[in-house]
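Secondary and tertiary structure notes
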Amino acid sequence: QVQLVESGGALVQPGGSLRLSCAASGTIFSINVMGWYRQAPGKQRELVATIAGSADTNYADSVKGRFTISRDSAKNTVYLQMNSLKPEDTAVYYCYAAIRRYAWSGRNDYWGQGTQVTVSS
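Quick look at the structure, then. Because the structure is predicted, anything quoted here is derived from the model rather than measured. (Residues numbered from 1 in each chain as written. Predicted model: local features only at pLDDT ≥ 70, side-chain atom pairs only at ≥ 80, totals over all residues. Heavy atoms only, no water.)

Focus on the pairing of strand β10 (residues 107-111)
With five bridges joining them, strand β9 (residues 91-100) and β10 adopt antiparallel strand pairing. Across the sheet, residue Ala97 finds its bridge partner in β10, namely Tyr110. (Pairing = 2+ DSSP bridges. Helix = DSSP H or I, 4+ residues; strand = E, 2+ residues; numbered from the N terminus.)

Looking at the state of the cysteines
Enumeration according to the criterion identifies one disulfide in this entry. A sulfur-sulfur separation of 2.0 Å characterises the disulfide bridge that pairs Cys22 with Cys95. Sign of the S-S torsion, about -85 degrees for the bond between Cys22 and Cys95, identifies this disulfide as left-handed. Of the two residues, Cys22 is situated in strand β3 (residues 18-26) and Cys95 in strand β9; the sequence distance between them amounts to 73 residues. Given the relative accessible area of 0%, Cys22 is considered buried. Among the residues examined, Cys95 registers a relative accessible area of 0% and is labelled buried. (Disulfide = S-S within 2.5 Å. Buried < 20%, exposed > 50% of the residue type's maximum accessible area, 1.4 Å probe, protein only.)

Let's talk about the pairing of β9
For β9, a buried count of eight out of 10 residues is recorded, marking the element as mostly surrounded by other parts of the structure. Pairing geometry for strand β4 (residues 30-39) and β9, over eight bridges, is antiparallel. Counterpart to Tyr37 in the pairing with β9 is Tyr94. Of the strand pairs in this sheet, β9 and strand β11 (residues 115-119) are connected by three bridges, and their pairing is antiparallel. Residue pairing for β11: Ala91 is matched across the bridge by Val117.

Let's talk about the nonpolar core
It is characteristic of soluble globular proteins that their nonpolar side chains tend to be buried jointly. Ranked by internal contacts, the top residues of the largest apolar core, which has 31 residues, are Trp36, Leu80, Met82 and Tyr93. For this core, the elements supplying multiple residues, two or more each, are β1 (2-7), β3, β4, β5 (46-52), β7 (67-72), β8 (77-82), β9 and β11. In terms of residues, this core owes the most to one element, β9, which gives five residues. (Core = buried A, V, L, I, M, F, W, Y, C linked by side-chain atoms within 4.5 Å.)

Side note on the sheet that holds β7
The four strands are arranged β1-β3-β8-β7 in an open sheet whose pairing can be described as antiparallel. Each end of this open sheet is capped by a strand with a single partner; those strands are β1 and β7. Across the sheet, the mean angle separating the axes of adjacent strands is 15 degrees when strand polarity is ignored. Bridging between β7 and β8 involves six bridges; their strand directions are antiparallel. Opposite Phe67, over in β8, you have Met82 as the bridge partner. (Axes fitted to C-alpha atoms, helices over the stretch in contact; angles between N-to-C directions.)

With respect to unusual backbone geometry
Although it is not a glycine, Asn76 adopts a positive phi angle of roughly 50 degrees. Residue position: Asn76 is located in the loop between β7 and β8. Of note, Ser84 is a non-glycine position whose phi angle comes to about 50 degrees, a positive value. The residue Ser84 is located in the loop between β8 and β9 in this model. Residue classification places Ser84 among the partly exposed residues on the basis of a relative accessible area of 41%.

Following this line, the structure appears as structure tokens:
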């Protein structure tokens, strides 16, 4: 069993900052990619940022320069620092990880339950 548990979602004013965290637990041999996706009401889930290894990052154009993804591999944890938040960043943010549970197994995709981020005055 593998679980991804997010935390850090909140209501914040435009221009404010939030830091999301996601910790993976359970039987884990290795984690290749970790990342964040988001889904706003009435819209499809979209990529926010991913990190492979410790420093190979990828960002959606809409968040470049404002959001920073980082990772603590020893803790199987990924973070998303969000600055200069805008109302259009309002969404449920989902943690993602590509995990190998055993040395002999392939990678499977795992998702967290989601954490709400609301940007409003």
